[in-house]
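What follows is the residue order along each chain.
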Amino acid sequence: MGVDNRYGAFMDPGLELSPLAEGILSGLRFAVKDVFAVAGHPSSAGNPDWLRTHPASESHADAVQKLLLSGASLRGAAHTDELMYSLGGENVHYGTPINPRAAGRIPGGSSSGSAVAVASGSVDFALGTDTGGSIRVPSSYCGVYGFRPTHGAVSMEGVIPLSASFDTVGWIADDAEILYQVGKTLLPGTDADESSRPLSIVEHIYVTADGWALAGEETAKSLAKGLEVLQHGASRSTEIEIAPEGLSAWMNVFRELQGDEIWRTHGEWIEREQPRFGPDIAARFAWASTLLEKDHSRAEQLKEDIRSRLHLLLGDTGCIVIPTVPGPAPLLGGDLRQLEINRNGAMMLCCIAGLAGLPQITLPVTGQHGLPLGLSVIGGYGQDLRLLSWINEVWK
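Overview of the structure. Predicted model only: the values in this text are computed from it and were never measured.

1. Some details on the pattern of salt bridges
- This model, assessed by the stated rule, comprises 13 salt bridges.
- The shortest N-O distance in the salt bridge between R52 and E273 comes to 3.6 Å. Residue R52 is located in helix α1 (residues 48-53), and its partner E273 is located in helix α9 (residues 247-273); the two are separated by 221 residues in the primary sequence.
- Judged by its relative accessible area of 52%, R52 is exposed.
- Measuring nitrogen to oxygen at the nearest pair gives 3.2 Å for the salt bridge that ties E273 to R272.
- Accessibility expressed as a relative area gives 23% for E273, which makes it partly exposed.

2. Regarding the packing of aromatic side chains
- Applying the stated criterion across every chain yields a total of six aromatic pairs.
- Ring geometry for Y85 and F285: centres 5.1 Å apart, planes at 70 degrees, overall edge-to-face. Of this pair, Y85 sits in the loop between β3 (73-78) and α3 (112-119) while F285 sits in helix α10 (residues 279-288), and the two are 200 residues apart along the sequence.
- You can call F285 buried: its relative accessible area is 3%.
- Each ring, one from F147 and one from W171, has its centre 5.1 Å from the other, and the planes form 50 degrees; the classification is tilted. A residue pair is termed long-range when its members are at least 10 positions apart, and F147 in strand β5 (residues 145-148) and W171 in strand β6 (residues 168-173) qualify at 24 residues. Here the two residues F147 and W171 agree in accessibility, since each one is buried.
- The rings of Y85, F277 and F285 are connected pair by pair, giving a single aromatic cluster.
- One Lys or Arg, K184, reaches over the ring of Y180 and ends 4.8 Å from the middle of that ring.
- Stacked on the ring of W287, the Lys or Arg R255 has its end atom at 5.0 Å from the ring centre.

Criteria and cut-off values
Residues numbered from 1 in each chain as written. Predicted model: local features only at pLDDT ≥ 70, side-chain atom pairs only at ≥ 80, totals over all residues. Heavy atoms only, no water. Salt bridge = Lys/Arg side-chain N within 4 Å of Asp/Glu carboxyl O. Helix = DSSP H or I, 4+ residues; strand = E, 2+ residues; numbered from the N terminus. Buried < 20%, exposed > 50% of the residue type's maximum accessible area, 1.4 Å probe, protein only. Phe/Tyr/Trp six-rings, centres within 6.5 Å; stacked < 30°, edge-to-face > 60°. Lys NZ or Arg CZ within 6 Å of the ring centre and 35° of its normal.

The structure is reproduced here in structure tokens:
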């Protein structure tokens, strides 16, 4: 018997695997975004032409295997936006999962089904991928916890790629403790390694004025209460401007480098198979195809500058606190122009961790009219487990 799919979270609600051993995740159920290899299951990547042209997987993705060995059971393959190239969650082929905590609003993407599966209580946690915000945005819109790890910290083996320089395997849960336990399964390091260092990783919180300026007035007011909770768990807090070049310039660098890699990854398949995409996805791939012959050296240099600056700023014990996205989830059926405006605002905030390869956790906050919002904490490079541990201690 498959999982409850009343909210349309699942591409394949009947996909089930029992645990391979007992472990710290015993008794927990998880879903996978339909880009993770599961033996015998053909992944759709949110597009019927991809499904048609790719066979079933012969083995499990590395992350799936580790979860099964830690005692968790797999329950369902969750919907995704087409080839993970969206932040909205609306799919012209398979429909839009229903946001359980914001009626009439989009769930966010591209890990749309993963967020909805957790928010609806169908599973305890879910795997997703995050390249430009695909864990963080739907987690914020659906009012759940989401985690994007340090780039490269969790294996992408057996996962359909989008842009290798930014792709990460992340996860979503409705409980900070579960989020942490999944981290102990998937992230490098051991409990012994962690306990040999101070539990609280955060001595210094940096509140980014330019990041908070992107949030609406009511959103900023609602998130300020959560910021105070975090500040009480740290030694000091400082307001800074994080992007002297402007976050819009950072976003443009991210989009350029990501778009170039996306076309190098999927361009040949697109030109050969001529897949049918939704209008917004088709427009993005068409734009990405124009980047192939361009000189990206200036963008690459700025990316490296940003990476060096943020790694130095945060070290092992600093963090950045920002709104995850500028506001609550947009209404369903919005016009493409408005959705693109929302997408740009989200990307300006999400590109910070993306460009620097840093871990980021999204925390659920209740906003005006009870709508879900997200407050994000970006940790130092490689400080994933300690960040998850700290949040589990202070975010009550």
